[in-house]
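Structural features, examined
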Amino acid sequence: MNQHAMPRTIENPLVRDRVTFLTTAAESGGSYEYVKVELAPGGGNGLHYHQTYSEHFEAVEGELHLEVDGLLRSLRPGETVSAPPGTKHRFFNPGPDPIVFYTKIEPARRFEPMLRIAYGLARDGRVHPKSGIPRNALEMAVLFVLGESFISGIPIWLQKAIFGSLYAIAKRLGVEERLLRTYCR
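Residues numbered from 1 in each chain as written. Predicted model: local features only at pLDDT ≥ 70, side-chain atom pairs only at ≥ 80, totals over all residues. Heavy atoms only, no water.

**So, the environment of R123**
Mapped onto the elements of the fold, R123 is located in helix 2 (residues 111-123). Looking at R123, the relative accessible area reads 46%, which means it is partly exposed. Ignoring sequence-local partners within four residues, the contact set of R123 consists of I10, E11, P13 and Y183. (Helix = DSSP H or I, 4+ residues; strand = E, 2+ residues; numbered from the N terminus. Buried < 20%, exposed > 50% of the residue type's maximum accessible area, 1.4 Å probe, protein only. Contact = heavy atoms within 4.5 Å.)

**Focus on the packing of aromatic side chains**
Taken as a whole, this structure holds 7 aromatic pairs when the rule is applied. Where Y49 meets F150, the ring centres are 5.7 Å apart and the plane angle is 35°; that geometry is what we call tilted. Note that Y49 is positioned in strand 4 (residues 48-50) and F150 in strand 11 (residues 149-151), a separation of 101 residues in sequence. Both residues of the pair, Y49 and F150, count as buried. When the centroid spacing of 6.1 Å and the interplanar angle of 50° are considered together, the rings of F57 and F101 count as tilted. Of the two residues, F57 is situated in strand 5 (residues 54-61) and F101 in strand 10 (residues 99-106); the sequence distance between them amounts to 44 residues. The exposure classification of F57 matches that of F101, with both residues buried. Members of the aromatic cluster, each reached through a chain of ring pairs, are F57, F91 and F101. A cation sits over an aromatic face here: R90 above F92, 4.2 Å from the ring centre. Between K104 and the ring centre of Y32, over which it is positioned, the NZ or CZ distance is 4.6 Å. (Phe/Tyr/Trp six-rings, centres within 6.5 Å; stacked < 30°, edge-to-face > 60°. Lys NZ or Arg CZ within 6 Å of the ring centre and 35° of its normal.)

**Things to note about the environment of H56**
Here H56 shows up in strand 5. Separated by 49 residues in the primary sequence, H56 and I105 place their C-alpha atoms 6.6 Å from one another. Dropping the residues within four chain positions of it, H56 is found in contact with V81, S82, Y102, T103, K104 and E106. A polar contact is formed between the side chain of H56 and the side chain of S82, at a distance of 2.6 Å. At 2.9 Å, the side chain of H56 and the side chain of E106 are in polar contact. (Polar contact = N/O pair within 3.5 Å; in protein donor to acceptor, adjacent residues only side chain to side chain.)

**Quick word on helix 5 (residues 175-184)**
Given 3.6 residues per helical turn, the α-helix brings residues three or four places apart onto the same face. For helix 5, the set of buried residues is V175, E176, L179, L180, Y183 and C184. Take helix 5 and look down its axis: the buried residues cluster within an arc of 135°, on one side only. Buried positions along helix 5 lie against helix 2, helix 3 (137-147) and helix 4 (156-172). (Arc of directions from axis to C-beta.)

Below, the structure is given as C-alpha cells:
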C-alpha cells in the first residue's frame, strides 16, 4: 500500500466514529498499529474477537464503555484495558457527548486495510444499515479474513468454513484486489 496517498483519518457513518492512524503497520515494521478513535454518542461496534492479535484501549476524553469477556467496563481518561486474542469485546458510547480513545493493535496483521475497506463500503452505502455488514457476501468474506474478526455466539469452525470458502472465491474472482485498489491505494 502507498501510505502517503491515503488519508490518515477515515470515518464510518454507521459505527459513528472517526479513526486516525497514528502509527501504521508499515511504520512499525508490522509489530503494531496505533489509532485514535473519536466516537459519537450512540456509536460503537458489535461483540467480536480475534484469534491472533490483541487490542489495547485507553480512554482520552470522556468515558469509554467496553464489554470485555462479559464484563461491562467504563474507562475514564488515562485508564486502560486490553482484549487479548480470543477475548470477546466491543466498545460503545451510550453518553450524550463524543468520546476519544486510543487503540493499539498487536501485532498489526491486516487491520488497516480491513478498516479502510469496511469504512469505504459503509460510506458508499454498500453495507446493511443496521449491522454494517457488507451486502455482498464475497466482500464480507474479504473483511472477515483481513480483520480476522469472529462473531460471538457462532462456532469458529463454522465461521472459518463459510468465510474461508467465500474468501477463496473472492480472491479467485479479484474481489479482494478490487477492494484493496478502491479503498487502500
